[in-house]
Every structure is written in structure tokens, then in C-alpha cells.
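Now for the letters of each chain:
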Amino acid sequence: MAGAMNEPFTIAVDGPAAAGKGTISRALAARFDMGHLDTGLLYRVVGALTLTGVDPVEAARGLTAKDLDRDDLRAPNVAQAASKVAVIAQVRAALVDFQRAFARRSGGAVLDGRDIGTVICPQAEVKLYVTASAEVRAQRRFLELRGKGLNVSRAQVLKDVRERDDRDMNRAAAPLRPAEDAVLLDTSQLNIDMAVAHAIAVVENKRQG
Ligand code: C5P
């Protein structure tokens, strides 16, 4: 592995909801001592604000790093609201600069989302597309939400996952899809340690090569 890096080095991690992007991204950031931005939080902040009546484009234009610390962002209704505002091209446009600045910070950055490798950072040094079957993703999200004490049903979580997949993949603005040069990582049959080890190996290869 190359020594500690001051140069920008961007790792783009895209994929559908609950595929394991967040866990993998946090592990990569820790392993390579890089910053991590969960870009879904940006859309979640905008979604949460629209639930209180704020205009989504205004919300996106006024967003600051501090907003990402709100503690209501993981709620299922906020996830749905996020995927609804995420179809609006002006909302997406307002969030581009923040993400690109983060991506090029010195020391490197891991960004996870839906369009990082395709739209936000098409020049990213590493692109991963993390996926898993809808059933496996819904089961993971179900356990996660239950673990937080939320009273959700398995069937409702699967329905939510499918609805978001459909909206994210079929929208006109920056639809979810793997970049042509992305490495695909299907985590359906992998535990967390295996998925993380695989992702680390991909990054190490790129850093050496
Ligand atoms: O990743 P997370 O589930 O937190 O994202 C919430 C929603 O935000 C997604 O369903 C998607 O619609 C939107 N999103 C997006 N582009 C990103 C990250 C998230 O459209 N880069």
C-alpha cells in the first residue's frame, strides 16, 4: 500500500438502499484514514424539511454541514421523503458543490450514495457498486429499525425498499445505476467482514496499481 496520502483520492460507493454501502464506506474510511460522507443524509435533511412545509429547492440551497447532525434522519418516513425530493433536478444541482468539495479534500474521501460514480465524481479513483437482493436488504433494514425500537413490519419494510428502488432507478435525473467502470459487489451471500475485506482489496489494488 502507498504511504499516507495527502493527495485527493476519491472512493465512490453507490448502490440501492440497505445494500451495505454505509458499513462498507465507514470501514474503508477508517482503514485508509479518509473522510466519509454519507450523501443520503443530504437528501434526508431536505426530505425532513419538506415534511415541515419547507420548499425542497430552498432547503437544498440553504443546507449546511451542521444539518447532517439532525437526529431524525434515519426514520422511515424521512427516507421516503428523501427519495421523493431526490427526483427534483434543482435539488440535486444545489447539492453538487458540497459533495465535490468533500470528494477532493486532502487525504482522500469515501462518498456513498446513488450517483457518486456516475455524476458527482465520474473521475473517482475507485468506484464500487454495492448491491444485494431486495429481500436480503429489507431483512437487514427490518432488523436495524427493530433494533432501534421502531415498530415496523417485515412486509412494510420490503414494500418501502421496493418503492425507493423503483423511484431511484427510474427517475430522469441521475438515476441509480452502476458506472461503467464500477466494481460490482453483491453482498447477498456475504457477511459484513467478507464484504468489507473484498472492498478493501479493491481499493488496495487501485492504490498500488
Ligand atoms: O442512502 P439513503 O438511503 O440514506 O438515501 C436516501 C434517499 O436519498 C435515496 O433513496 C435516494 O433517493 C436519495 N439519494 C440520492 N442520491 C444520493 C444519495 C441518496 O438520490 N447520492
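As shown above, the structure is provided for reference.
Residues numbered from 1 in each chain as written. Predicted model: local features only at pLDDT ≥ 70, side-chain atom pairs only at ≥ 80, totals over all residues. Heavy atoms only, no water.

**Student:** Hey, could you go over the sheet that holds strand E3 (residues 109–113) for me, with residue numbers and the actual values?
**Tutor:** With parallel pairing, the 5 strands of this open sheet are ordered in space as E2-E3-E1-E4-E5. Unpaired on one side and paired on the other, strand E2 (35–38) and strand E5 (183–186) mark the two borders of the sheet. Neighbour-to-neighbour, the strand axes of the sheet open up by a mean angle of 20°, direction not taken into account. Note that E2 and E3 share 4 bridges and pair parallel. Looking across to E3, one finds that glycine 35 is bridged to alanine 109. In the packing of helix H10 (residues 192–208) onto the sheet, contacts are made with strand E1 (10–14), strand E4 (126–131) and E5, and the angle to E4 comes to roughly 160°. (Pairing = 2+ DSSP bridges. Helix = DSSP H or I, 4+ residues; strand = E, 2+ residues; numbered from the N terminus. Axes fitted to C-alpha atoms, helices over the stretch in contact; angles between N-to-C directions. Contact = heavy atoms within 4.5 Å.)

**Student:** Explain helix H2 (residues 40–51) residue by residue, including any values.
**Tutor:** Residues that lie three or four places apart on an α-helix share one face, since the helix turns once every 3.6 residues. Between its first and last C-alpha, H2 extends 17 Å over 12 residues, near the 16 Å set by a 1.5 Å rise per residue. Phi turns positive one or two residues past the end of H2, at glycine 53, with a value near 100°. (Expected span 1.5 Å × (residues − 1).)

**Student:** Got a sec to walk through the site of the ligand? Specific residues and values, please.
**Tutor:** Taken together, 14 residues lie near the ligand, and Arg44, Arg92, Arg114, Arg164 and Asp168 sit nearest. A distance of 2.8 Å is found between an oxygen atom of the ligand and a side-chain nitrogen or oxygen belonging to arginine 92. Contacts to the ligand include arginine 164, whose side-chain N or O atom sits 2.8 Å from an oxygen atom. If the ligand stood free it would expose 450 Å²; the protein chains cover 98% of that surface. (Near = heavy atom within 4 Å. Polar contact = N/O pair within 3.5 Å; in protein donor to acceptor, adjacent residues only side chain to side chain. Areas by Shrake-Rupley, 256 points an atom, 1.4 Å probe, with all protein chains shown as cover.)

**Student:** Explain the side chain of glutamine 80 to me, and be specific about the residues and the numbers.
**Tutor:** On the secondary structure map, glutamine 80 appears in helix H4 (residues 76–85). Here glutamine 80 falls in the buried class, since its relative accessible area comes to 10%. Among residues more than four places away in sequence, those in contact with glutamine 80 are Asp160, Glu163, Arg164 and Arg167. (Buried < 20%, exposed > 50% of the residue type's maximum accessible area, 1.4 Å probe, protein only.)

**Student:** I'd like a rundown of the side chain of glutamine 99, residues and numbers included.
**Tutor:** By the secondary structure assignment, glutamine 99 is in helix H6 (residues 96–103). Judged by relative accessible area, which is 0%, glutamine 99 ranks as buried. Here glutamine 99 is in contact with Leu37, Thr39, Leu42, Tyr43, Leu111, Ile116 and Ile120, once residues within four sequence places are set aside.

**Student:** Before we move on, can you summarise the nonpolar core with the specific residues and values?
**Tutor:** By size, the foremost hydrophobic cluster in this structure holds 29 residues, and its most contacted members are Tyr43, Val46, Val91, Leu95 and Leu111. Within the residue set of this core, elements represented by two or more residues are H2, helix H3 (56–61), H4, H6, E3 and helix H7 (116–120). Residue contacts for leucine 111: discarding those within four places in its chain leaves Thr10, Ile11, Ala12, Val13, Leu37, Thr39, Gln99, Phe102, Ala103 and Ile116. The next biggest cluster of nonpolar side chains, apart from the first, holds 20 residues, and it includes Ala19, Ile200, Val202 and Val203. (Core = buried A, V, L, I, M, F, W, Y, C linked by side-chain atoms within 4.5 Å.)

**Student:** Which residues make up the pattern of salt bridges, and what are the values?
**Tutor:** Two side chains with opposite charge may pair up if their charged atoms get near one another. Evaluated as defined, the whole model comprises 14 salt bridges. Two residues, glutamate 204 and arginine 31, come together in a salt bridge whose shortest N-O distance is 2.5 Å. Of the two residues, glutamate 204 is situated in helix H10 and arginine 31 in helix H1 (residues 21–32); the sequence distance between them amounts to 173 residues. Residue classification places arginine 31 among the partly exposed positions, given a relative accessible area of 35%. Three or more residues are tied together by salt bridges with common partners; here these are Arg114, Asp168 and Arg171. (Salt bridge = Lys/Arg side-chain N within 4 Å of Asp/Glu carboxyl O.)

**Student:** For unusual backbone geometry, give the residues involved together with the corresponding values.
**Tutor:** Look at alanine 18: it is not a glycine, yet its phi comes out positive at around 65°. Of note, alanine 18 is situated in the loop between E1 and H1. By relative accessible area, which is 13% here, alanine 18 ends up buried.

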